[in-house]
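Architecture at a glance
Residue strings, one per chain:
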Amino acid sequence: MPEPRRPLISGNWKMNLNHFEAIQAVQKLHWLLPKDVYETVDVSVHPPFTDIRSVQTVIQGDSMELILGAQHCHHDDSGAFTGEISPAFLAKLDVKMVIVGHSERRQIFGEDDATVNVKLRAILKHSMTPILCVGETLAEREAGETEIRVLSQLSAGLDGVKAEQAASMVIAYEPVWAIGTGHTATAADAQAVCSAIRSAIAARFDAATAAAIRIQYGGSVKAGTTEELMACADVDGALVGGASLDPDEFAQIIRLAASS
Ligand code: PGA
């Protein structure tokens, strides 16, 4: 019997919370979460780059079970890339998970599928876990192209990735029209797309890899929508933006996921 997949709740803080605010947010979150919550759920926080060292120190200093994450990185280890962040430097800060291919990176900063793929492989090379984001725009959804779009982003993102690497990865299904808008996919829609993602993983690799890979839903997740999302067979957690900035709401989402 394969191990049951542990839910993963990830807080994507985007460009919010300076390092003082980030320290407070992490301390409050830790204080709000009973220790036994980590027996059934993994929790990652993804602060802005300037906060990472401070958050790392707090997590390690207080032996917190929170997983340190980042939101983005460059694909090379070092070089003439003004303003960019090396995945090697993130690994050195004990960052364990890195979001890659977020729709804001794709849409605002012009990252295409090929760029996402080289970053994803760089993250794997440094033994960190990529959270690969895929999702359709409203126009694609209305044209009935949700699955085509999502599965083509998935396929391109996984180019050159081996089954054993994929098995430990995370895919985040984030419909672009649901991010930061207050609109969420219905649980049935989220389940349908997450199930299509898992089938595509099985077809590309094998059944064991599909059974192991974790698939999150993201897009305006709140405490009020967590239970129905977590009840979906192929939804293994959530990538939470706005609601993760409020430790009370985020802790509630985590508690609900832990008891799902
Ligand atoms: P949101 O963001 O929860 O604010 O919609 C989710 C995300 O962008 O990862």
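Residues numbered from 1 in each chain as written. Predicted model: local features only at pLDDT ≥ 70, side-chain atom pairs only at ≥ 80, totals over all residues. Heavy atoms only, no water.

Of note, the phi angle at Lys14 is positive, near 50°, even though the residue is not glycine. Mapped onto the elements of the fold, Lys14 is located in the loop between β1 (8–12) and α1 (19–32). We note that Ser63 has phi near 45°; this positive angle belongs to a residue other than glycine. Considering the arrangement of structural elements, one finds Ser63 in the loop between α2 (49–61) and β3 (67–70). Overall, the relative accessible area of 54% leaves Ser63 in the exposed class. (Helix = DSSP H or I, 4+ residues; strand = E, 2+ residues; numbered from the N terminus. Buried < 20%, exposed > 50% of the residue type's maximum accessible area, 1.4 Å probe, protein only.)

Let's shift gears to the sheet that holds strand β8 (residues 237–240). An order of β1-β2-β3-β4-β5-β6-β7-β8 is seen for the 8 strands of this closed barrel, with the pairing classed as parallel. Averaged over all pairs of adjacent strands, the angle between their axes in this sheet comes to 25°, without regard to strand direction. The pairing of strand β7 (residues 214–218) with β8 spans 2 bridges and is parallel. Counterpart to Tyr217 in the pairing with β8 is Ala238. Strands in contact with helix α5 (residues 113–125) are β4 (97–100) and β5 (129–134); relative to β5, the strand with the most contacts, it is inclined by about 160°. Here helix α7 (residues 146–157) sits on the sheet in contact with β5 and β6 (170–173), set at roughly 150° to β5. (Pairing = 2+ DSSP bridges. Axes fitted to C-alpha atoms, helices over the stretch in contact; angles between N-to-C directions. Contact = heavy atoms within 4.5 Å.)

For the ligand, the set of nearby residues contains 13 residues, the closest of which are Lys14, His102, Glu174, Gly180 and Ser220. In the environment of the ligand, an oxygen atom lies 2.7 Å from a nitrogen or oxygen atom belonging to the side chain of Lys14. Contacts to the ligand include Ser220, whose backbone N or O atom sits 2.7 Å from an oxygen atom. Its free accessible area being 280 Å², the ligand has 96% of it covered by the protein chains. Split into classes, the residues belonging to the shell around the ligand amount to 4 nonpolar, 7 polar and 2 charged. (Near = heavy atom within 4 Å. Polar contact = N/O pair within 3.5 Å; in protein donor to acceptor, adjacent residues only side chain to side chain. Areas by Shrake-Rupley, 256 points an atom, 1.4 Å probe, with all protein chains shown as cover. Nonpolar A, V, L, I, M, F, W, Y, C, P; charged D, E, K, R; others polar.)

Next up on the list: the environment of His30. Summarising the element assignment, His30 is placed in helix α1. Between the C-alpha atom of His30 and that of Val58, which follows or precedes it by 28 residues, the distance is 10 Å. In this view, His30 contacts Tyr38 and Met64; residues no more than four positions away in its chain are not counted.

Generally speaking, soluble globular proteins have nonpolar side chains that are buried together. In this structure, Leu132 and Ile197 are the most contacted members of the largest nonpolar core, which totals 71 residues. Other than its neighbours up to four places away in sequence, Ile197 contacts Val134, Val150, Leu151, Leu154, Ile171, Tyr173 and Ile215. (Core = buried A, V, L, I, M, F, W, Y, C linked by side-chain atoms within 4.5 Å.)

Enumeration according to the criterion identifies 1 aromatic pair in this entry. When the ring of Tyr173 is compared with that of Tyr217, the centres are 6.1 Å apart and the planes differ by 65°; the resulting orientation is edge-to-face. Residue Tyr173 is found in strand β6, and its partner Tyr217 is found in strand β7; the two are separated by 44 residues along the sequence. Comparing Tyr173 with Tyr217, the two get one shared label, buried. The ring of Phe109 has Arg105 sitting right over it, with the charged end atom 4.1 Å from the ring centre. (Phe/Tyr/Trp six-rings, centres within 6.5 Å; stacked < 30°, edge-to-face > 60°. Lys NZ or Arg CZ within 6 Å of the ring centre and 35° of its normal.)

Moving on, we come to the side chain of Gln216. Topologically, Gln216 is positioned in strand β7. Within the local environment of Gln216, its side chain forms a polar contact with the backbone oxygen of Ala238, the two atoms lying 3.3 Å apart. With sequence-adjacent residues up to four places away left out, Gln216 is seen in contact with Leu8, Ile9, Ser10, Ile131, Val170, Ile171, Ala172, Tyr173, Cys194, Gly237, Ala238 and Leu239.

If you check α1, its first and last C-alpha atoms are 20 Å apart, about what 14 residues at 1.5 Å a residue would give, namely 20 Å. Inspection of α1 places Ala22, Ala25, Val26, Leu29 and Leu32 among the buried residues, and these make up the whole buried set. For α1, the arc enclosing every buried residue in end-on projection is 130°, short of the 170-degree limit, so these residues lie on one face. When the buried face of α1 is taken as reference, the exposed residues oriented beyond 90 degrees from it are Phe20, Gln24 and Trp31. Looking at the buried side of α1, the elements it contacts are β2 (42–46), α2 and α12 (247–258). Where α1 begins, the capping side chain belongs to Asn18, and its oxygen is found 3.0 Å from the backbone nitrogen of Phe20. (Expected span 1.5 Å × (residues − 1). Arc of directions from axis to C-beta.)

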